[in-house]
Amino acid sequence: GDSVTQTEGPVTVSESESLIINCTYSATSIAYPNLFWYVRYPGEGLQLLLKVITAGQKGSSRGFEATYNKETTSFHLQKASVQESDSAVYYCALGITGNTGKLIFGLGTTLQVQP
Amino acid sequence: ETAVFQTPNYHVTQVGNEVSFNCKQTLGHDTMYWYKQDSKKLLKIMFSYNNKQLIVNETVPRRFSPQSSDKAHLNLRIKSVEPEDSAVYLCASSATLNTEVFFGKGTRLTVV
């Protein structure tokens, strides 16, 4: 079936350090799923961070970026220099296109950025 | 403010009771969803509605029933709750199928 596996948290980094949260996916119902990173900040609802719908393309937002790699079925999230305000839970997800709008989520990775 | 609003934020109830959660979106979207996040943090779709029509009904026990009065509202009723229903229920909406999905803050249900 379709599934997403991501770095098991919590991940703790110091401010200004670089970050990578790994995400790999398995898509059996669709050859080219859409890929997403969602984020939930403390006290907030889940919100879209970035998305990429074309294999080989890179998405970026708020200093984060992720590249859709179909060969390795990966969509790792990276940031060169994290800030304390980046502390949140990050979810990798794949979208089953077609007429369902369904999202398949990973288990989430809690990021704690120390000042 | 336009967003997805859920009530209540928390609910504690006993096994066998009926509960109902409300969801309203003020984004003018055509599609709404319910997701469940269980104790293992797995976030999984339960239902999706497009223009008030049921599109997705995952393998969900029959005691769960979505209720859509119009495109802006999608409530969730659970008849006779069981301990495994303890979870966070997230309501969401999107303009159409396969466009950006906006989530509410969730309703945390505890069944004792």
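The structure we're discussing is the one just above.
As the structure is a prediction and not an experimental result, all values here were calculated from the model. (Residues numbered from 1 in each chain as written. Chains lettered and ligands numbered in written order. Predicted model: local features only at pLDDT ≥ 70, side-chain atom pairs only at ≥ 80, totals over all residues. Heavy atoms only, no water.)

Trainee: What's the story with the packing of aromatic side chains in this structure? I'm lost.
Mentor: Each aromatic ring pair is characterised by the separation of its centres together with the angle its planes make. Summed over the entire model, instances satisfying the criterion amount to twelve aromatic pairs over all chains. Consider the rings of Tyr38(A) and Phe103(B), whose centres lie 5.6 Å apart with planes at 85°: the pair is edge-to-face. With Tyr38(A) in strand 5 (residues 34-40) and Phe103(B) in strand 10 (residues 101-103), this residue pair bridges two chains. Seen in terms of ring centroids, Phe64(A) and Tyr90(A) are 5.4 Å apart; in terms of plane orientation they differ by 40°. Their pairing is tilted. Here Tyr90(A) lies in strand 10 (residues 88-96) and Phe64(A) lies in strand 8 (residues 64-67), a separation of 26 residues in the sequence. For Phe64(A), a relative accessible area of 1% gives the class buried. (Phe/Tyr/Trp six-rings, centres within 6.5 Å; stacked < 30°, edge-to-face > 60°. Helix = DSSP H or I, 4+ residues; strand = E, 2+ residues; numbered from the N terminus. Buried < 20%, exposed > 50% of the residue type's maximum accessible area, 1.4 Å probe, protein only.)

Trainee: Would you mind showing me how to read the sheet that holds strand 3 (residues 19-21) of chain A here?
Mentor: Backbone hydrogen bonds are what pair the strands of a sheet, in a parallel or an antiparallel way. Residues and elements named next belong to chain A. As summarised here, the arrangement of the four strands in space is 3-9-8-7, forming an open sheet in which the pairing is antiparallel. Each edge of the open sheet is held by one strand with a lone partner, namely strand 3 and strand 7 (58-61). Looking at each pair of strands side by side, their axes are set apart by 20° on average, direction ignored. Examined bridge by bridge, strand 3 and strand 9 (residues 77-79) share three bridges and lie antiparallel to one another. (Pairing = 2+ DSSP bridges. Axes fitted to C-alpha atoms, helices over the stretch in contact; angles between N-to-C directions.)

Trainee: Sorry, what's going on with the state of the cysteines here?
Mentor: Cysteine pairs can be covalently joined through their sulfur atoms, and such a bond is termed a disulfide. According to the stated counting rule, one finds two disulfides over all chains in the structure shown. Across the disulfide from Cys23(A) sits Cys92(A); the S-S distance is 1.9 Å. Its torsion about the S-S bond being -65°, the disulfide of Cys23(A) and Cys92(A) is classed as left-handed. Separated by 69 residues along the polypeptide, Cys23(A) in strand 4 (residues 23-26) and Cys92(A) in strand 10 bring together distant segments of the chain. There is no split in this pair, since Cys23(A) and Cys92(A) are both buried. Shown here is the disulfide that connects Cys23(B) with Cys91(B), its sulfur atoms set 1.8 Å apart. (Disulfide = S-S within 2.5 Å.)

Trainee: So what exactly am I meant to see when it comes to the interface of chain A and chain B here?
Mentor: When the parts of a complex come together, some accessible area is lost, and that lost area is often used as the size of the interface. Counting residues at the interface gives 18 residues for chain A, matched by 20 residues for chain B. Taking both partners together, chain A and chain B bury about 1600 Å²; carbon and sulfur atoms supply 54% of that area. Linking chain A to chain B there are six residue pairs in polar contact (both at pLDDT 80 or more). When contributions to the side of chain A that touches chain B are tallied by element, the ones reaching two or more residues are strand 5, strand 10 and strand 11 (102-105) of chain A. Tallying contributions element by element places strand 11 of chain A first for the side of chain A that touches chain B, with three residues. Grouping the amino acids of the side of chain A that touches chain B by side-chain chemistry returns eight nonpolar, seven polar and three charged. (Contact = heavy atoms within 4.5 Å. Buried area = accessible area lost by both parts, 1.4 Å probe. Polar contact = N/O pair within 3.5 Å; in protein donor to acceptor, adjacent residues only side chain to side chain. Nonpolar A, V, L, I, M, F, W, Y, C, P; charged D, E, K, R; others polar.)

Trainee: For this particular structure, what's the right way to read the sheet that holds strand 8 (residues 73-78) of chain B?
Mentor: Residues and elements named next belong to chain B. Strand order in the open sheet made by the four strands is 1-3-8-7, with antiparallel pairing throughout. Where the open sheet ends on each side, the last strands, each with one partner, are strand 1 (4-7) and strand 7 (64-70). Looking at each pair of strands side by side, their axes are set apart by 20° on average, direction ignored. The pairing of strand 1 with strand 3 (residues 19-25) spans four bridges and is classified as antiparallel. Each bridged residue has a counterpart across the sheet, and for Val 4 the counterpart in strand 3 is Gln 25.

Trainee: Help me understand the nonpolar core in this model?
Mentor: Proteins that are soluble and globular tend to have nonpolar side chains buried together. Counting 29 residues, the largest nonpolar core has Trp37(A), Leu49(A), Leu50(A), Phe75(A), Leu77(A) and Tyr90(A) as its most contacted members. A total of five residues in this core trace back to one element, the largest contributor, which is strand 10 of chain A. Excluding its chain neighbours within four sequence positions, the residues that come into contact with Leu49(A) are Trp37(A), Tyr38(A), Val39(A), Ser61(A), Arg62(A), Phe64(A), Leu77(A) and Tyr90(A). Membership of the second largest hydrophobic core comes to 20 residues, among which are Val60(B), Cys91(B), Leu109(B) and Val111(B). (Core = buried A, V, L, I, M, F, W, Y, C linked by side-chain atoms within 4.5 Å.)

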